[in-house]
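So the chains spell out like this:
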Amino acid sequence: MGFWTSVVAIVAIIAWATTRQARFRNQSGAPISGSDPVYTAQLEREVADLRKRLEVLERIATDGAETRRLANEIESLRDR
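Each chain has its residues counted from 1, following the order in which its sequence is written. For this predicted model, a pLDDT threshold of at least 70 governs which residues receive local features, and a threshold of 80 or more governs which side-chain atom pairs are given and counted, while totals over whole chains, interfaces and linings are taken from all residues. In computing side-chain values, all of the structure's heavy atoms are included and hydrogens and water are not.

(A) Representation of the overall build of the protein chain in the model. In terms of regular secondary structure, the protein chain is built from 3 helices and 0 strands. Starting at the N terminus and walking to the C terminus, you meet the elements of the protein chain as α-α-α. Expressed as a percentage of the 80 residues in the protein chain, the buried residues total 0%. Under the convention used here, a 1.4 Å probe and the Shrake-Rupley method define accessible areas, while residue burial counts only the protein chains that appear. Of the roughly 7600 Å² of accessible surface on the protein chain, 60% is carried by carbon and sulfur atoms. Working definition: helices are DSSP H or I runs of at least four residues, strands are E runs of at least two. Numbering for both runs from the N terminus. Relative accessibility decides the category of a residue: with a 1.4 Å probe and only protein chains considered, values under 20% of the type maximum give buried, values over 50% give exposed, and everything between is partly exposed.

(B) Local environment of a nonpolar patch on the surface. Residues qualify for a patch when their relative accessible area is over 30% and they have no salt bridge, like charges being joined within 9 Å and the nonpolar side chains of Val, Leu, Ile, Met, Phe, Trp and Tyr within 5 Å. Take a side-chain nitrogen of Lys or Arg and a carboxyl oxygen of Asp or Glu: if they are within 4 Å of each other, that pair is a salt bridge. Taken together, the side chains of Val56, Leu57 and Ile60 present a nonpolar region at the surface, about 290 Å² in accessible area. Mapped onto the elements of the fold, valine 56 is located in helix α2 (residues 37-62). Residue classification places valine 56 among the partly exposed residues on the basis of a relative accessible area of 38%.

(C) Focus on the confidence of the model for the protein chain. Confidence in the prediction of the protein chain, expressed as mean pLDDT, is 81, and 84% of residues score 70 or more. Scored between 0 and 100, pLDDT is the confidence that the predictor attaches to each residue. Looking at the elements of the protein chain, mean pLDDT is at its lowest for helix α3 (residues 66-79), recorded as 76, and at its highest for helix α1 (residues 3-28), recorded as 88.

Encoded structure:
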């Protein structure tokens, strides 16, 4: 078996396996990304919650007298 024949055989096996997986997922009712509006809404809520948490963490990191100390620490780490 030549090199290119092996490559074609490997690609064919991967394509077959991917097709089987997609068919199995479709039959089992697993959501395919972007196709289920309930799943999409759930992901959007989760992203919104994570953005709120990030805003709180940014506020904690940048408010008050700690700002100068934090900025100095960041600058000292950049200098290393």
